[in-house]
Amino acid sequence: MQTDFLVACHECDLLHRIVGLPEGGTGICSRCGAVLVSHKRNSIDRSLALTITGLILFIMANVYPLLAIKSGSLFKATTLMGSVEVLYSTGMWQVALLVFLTAILIPFLDLVSRLCILIPLKMNKKPWKLPFIMSFSQSINPWGMMEVFMLGILVSVVKLVKMMKVIPGISLFAFVLLILVLAAIATSFDTHLAWEKEEGER
Ligand SMILES: [Zn+2]
């Protein structure tokens, strides 16, 4: 990481020169105390490992059954995509679209766009179309609402348990882990490193 650069505080706009920030160190605004820059240890390696883990969990969450219900001789299991199809076939296409976008497509695009930045950085190369990928990633990020979907599933499970036997599937566990991994990626990735590479090779 470059150790001498200018950074503006995102809270109060005061311009600071960061000089010789050690690994694991954090730069704090002298006026308002906001964190300006955090030089995380092994940021690229950790973020890349977490992103690959995230993709594996994403595949597991989509391939394996989410839930199974058993009541007498009735046994029904569904996958995440299966639940979207059921919503669509029962006429709730708006809800189906919302679930597909917020629980499947956007988390997938989020992971892929992070990979597009992290793989070149790991290979010590400039990421392709970095400004576009960064702004795309930031604009889709608020729409990834796996936590809300998870909460919805938990509420239905609690209600269904009274009427029938509910068996949680592998996908449900992968889903919970994926939510945690996505949070870990957000805190481990130092975007400053990517911008530095972009500036350095211009
Ligand atoms: Zn400040």
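No experiment lies behind these values; they were computed from the predicted model shown.

K.L.:
Talk me through the nonpolar core; I want residue IDs and the actual numbers.
P.N.:
Residues Ile117, Phe149 and Phe175 are the most contacted members of the largest nonpolar core, which totals 40 residues. Elements that contribute at least two residues to this core include exactly α1 (43-63), α2 (80-89), α3 (93-122), α4 (130-140), α5 (146-161), α6 (170-188) and α7 (191-200). The leading source of residues in this core is α3, at nine residues. Contact partners of phenylalanine 175, with chain neighbours within four places excluded, come to Ala61, Leu80, Ala103, Met146, Phe149 and Met150.

K.L.:
Residues and numbers for the coordination of the zinc ion, please.
P.N.:
Coordination of the zinc ion by the protein is provided by Cys9 (SG), Cys12 (SG), Cys29 (SG) and Cys32 (SG), with metal-donor distances spanning 2.3 Å. Around the zinc ion, the four donor atoms are arranged such that angles at the metal cover 103 to 117 degrees; this shape is classified as tetrahedral. Between consecutive donor residues of the zinc ion, the sequence gaps follow C-x2-C-x16-C-x2-C. The buried category is assigned to cysteine 29, whose relative accessible area is 4%. For cysteine 32, a relative accessible area of 40% puts it in the partly exposed group.

K.L.:
Can you lay out the domain arrangement of the chain for me, pointing to particular residues and giving the numbers?
P.N.:
Here the chain is partitioned into domain 1 (1-39) and domain 2 (42-194). Computed from C-alpha atoms alone, the centre-to-centre distance between domain 1 and domain 2 is 33 Å. If you look at the interface, domain 1 gives six residues, while domain 2 gives four residues. In this assembly, domain 1 and domain 2 are joined by zero salt bridges. Tallied by class, the residues present in the side of domain 1 that touches domain 2 amount to three nonpolar, two polar and one charged.

Quick notes on the rules
- Residues numbered from 1 in each chain as written.
- Predicted model: local features only at pLDDT ≥ 70, side-chain atom pairs only at ≥ 80, totals over all residues.
- Heavy atoms only, no water.
- Core = buried A, V, L, I, M, F, W, Y, C linked by side-chain atoms within 4.5 Å.
- Buried < 20%, exposed > 50% of the residue type's maximum accessible area, 1.4 Å probe, protein only.
- Helix = DSSP H or I, 4+ residues; strand = E, 2+ residues; numbered from the N terminus.
- Contact = heavy atoms within 4.5 Å.
- Donors = N, O, S within 2.8 Å, 3.2 Å for Na, K, Ca; no water.
- Tetrahedral: all angles 85-135°; square planar, octahedral: opposite > 155°, others 65-115°.
- Domains from an automatic or database assignment.
- Salt bridge = Lys/Arg side-chain N within 4 Å of Asp/Glu carboxyl O.
- Nonpolar A, V, L, I, M, F, W, Y, C, P; charged D, E, K, R; others polar.

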